[in-house]
Amino acid sequence: MSEPQHRDAYLEAVLPPDPARDAIRRDLLERGWPDMCVPVALGRLLTQLAMGSVSAIEIGTYAGYSAICIARGLSPGGRLLTLESRREHAELAAQHIEAAGLGHRVEIALGDAAETLAHLRANERRFHLAFVDAHKPSYPRYLDLLLDLMHPGGLMVFDNAFGRDRALDPSATSPTPTALRELHRRLFEDERLVSTLLPMFDGVAIARVRP
Ligand SMILES: C[S@@+](CC[C@H](N)C(=O)[O-])C[C@H]1O[C@@H](n2cnc3c(N)ncnc32)[C@H](O)[C@@H]1O
C-alpha cells in the first residue's frame, strides 16, 4: 500500500461514519456519476471553519456534501447560499441536503457562479465564509468577486488549489494550472488578505480578509 493509500485507509477507519456521505456515494454510484465530493476529513474541516459564521457562500454544489458540512457548522439561524450551474446537480443536492435535515439552512442558486456573484455584489450581500470548489480556470475571477462580498475578518477556502499538482509545474500552461498559479500569486500579494496554501488533499488555499 502506498503512503497516501495507507493514510486514506487509516482516516476511513478512525473518522466517525457519516451517513450523509455514504448516501451520496451510493447515489452517485447508482447514477454512474463521478464522486467529486470533498472527503469526510475535509468536510469536517469545513464544519469547523463554519462554526461562528452566520452567512456562508459556496461555489460548486454538485451532490451537496460540502454544503451539508458547512451548514452543520453554522451558528443557529445561519444560512448557506450555494451556487451551481447544472440543474441536475442542484436537484440531487437539494434531495441530500433535505435528507440531512439541513434544508432550512441552505439555498441553492442555479446559474453561472460568476454571474450570481456579480448579482450578489450589486445587492451588497456579505458573507463570513466562502468555499470555492467549481470551475478551476475561474478561480482568480471568483477571488476578485468574493473580495467584495466578504465581511471584514471573513474566510475564503479554495479546494483543488494544486490542480492535481499541475499548478506546481511551470511548464504546464493550460487554463487550470495557469489560473491556479495566478490565484496563488494574488492571495499572497493582496495586502487585504492573510493567506496560506496547504499541501493537503489536492491543495487547500485559505485566505482571511483582514478585519
Ligand atoms: C467538484 S464539484 C463540487 C463538489 C462539492 N463542493 C462537494 O464537495 O460536495 C464542482 C461543481 O461545480 C459546478 N460548476 C462548474 N462550473 C460552474 C460555474 N461556472 N458556475 C456554477 N457552478 C459550476 C459543477 O457543475 C459541479 O457540480
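Everything below is about the structure printed above this text.
Residues numbered from 1 in each chain as written. Predicted model: local features only at pLDDT ≥ 70, side-chain atom pairs only at ≥ 80, totals over all residues. Heavy atoms only, no water.

Q: Any details on the overall build of the chain? Residues and values, ideally.
A: Each helix and strand in the chain was counted, giving eight helices and seven strands. Computed over the C-alpha atoms, the radius of gyration of the chain is 17 Å, within 12% of the 17 Å expected from 2.2 N^0.38 for a compact globule of 211 residues. If one aligns the C-alpha atoms of the chain with their principal axes, the spans along those axes are about 45 × 40 × 30 Å. Burial statistics for the chain: of 211 residues in total, 49% are counted as buried. (Helix = DSSP H or I, 4+ residues; strand = E, 2+ residues; numbered from the N terminus. Rg over C-alpha atoms; globule rule 2.2 N^0.38 Å. Buried < 20%, exposed > 50% of the residue type's maximum accessible area, 1.4 Å probe, protein only.)

Q: Any details on the site of the ligand? Residues and values, ideally.
A: In the neighbourhood of the ligand, 21 residues make up the surrounding shell, with Val38, Ser66, Glu84, His89 and Asp133 lying closest. Here a nitrogen atom of the ligand sits 2.9 Å away from a polar atom, N or O, in the main chain of Gly60. At 2.9 Å from a nitrogen atom of the ligand is found a main-chain nitrogen or oxygen belonging to Ala113. For the ligand, the protein covers 89% of the area, taking 600 Å² as the surface of the free molecule. Secondary structure elements with two or more residues in the shell around the ligand: helix 4 (65-73) and strand 2 (79-84). (Near = heavy atom within 4 Å. Polar contact = N/O pair within 3.5 Å; in protein donor to acceptor, adjacent residues only side chain to side chain. Areas by Shrake-Rupley, 256 points an atom, 1.4 Å probe, with all protein chains shown as cover.)

Q: Could you give an account of the packing of aromatic side chains, naming the residues involved and the relevant values?
A: Inspection of every chain in the model, using the stated rule, returns three aromatic pairs. When the ring of Tyr139 is compared with that of Tyr142, the centres are 6.3 Å apart and the planes differ by 45°; the resulting orientation is tilted. Of this pair, Tyr139 and Tyr142 both sit in helix 7 (residues 139-147), three residues apart, which is roughly one turn of the helix. Both residues of the pair, Tyr139 and Tyr142, count as buried. One Lys or Arg, Arg21, reaches over the ring of Tyr65 and ends 5.3 Å from the middle of that ring. Between Arg31 and the ring centre of Trp33, over which it is positioned, the NZ or CZ distance is 5.0 Å. (Phe/Tyr/Trp six-rings, centres within 6.5 Å; stacked < 30°, edge-to-face > 60°. Lys NZ or Arg CZ within 6 Å of the ring centre and 35° of its normal.)

Q: So what's going on with the pairing of strand 5 (residues 150-159)? Residues and values would help.
A: The buried fraction of strand 5 is high, at seven of ten residues. For the segment spanning strand 4 (residues 127-132), helix 7 and strand 5, crossover handedness is right-handed. (Right-handed = clockwise from strand over helix to strand, strands pointing away.)

Q: For a nonpolar patch on the surface, give the residues involved together with the corresponding values.
A: A cluster of nonpolar residues, Tyr10, Leu11 and Val14, forms a patch on the protein surface that exposes about 290 Å² of accessible area. On the secondary structure map, Leu11 appears in helix 1 (residues 3-14). Here Leu11 falls in the partly exposed class, since its relative accessible area comes to 31%. (Patch = residues over 30% accessible without salt bridge, like charges linked within 9 Å, V, L, I, M, F, W, Y side chains within 5 Å. Salt bridge = Lys/Arg side-chain N within 4 Å of Asp/Glu carboxyl O.)

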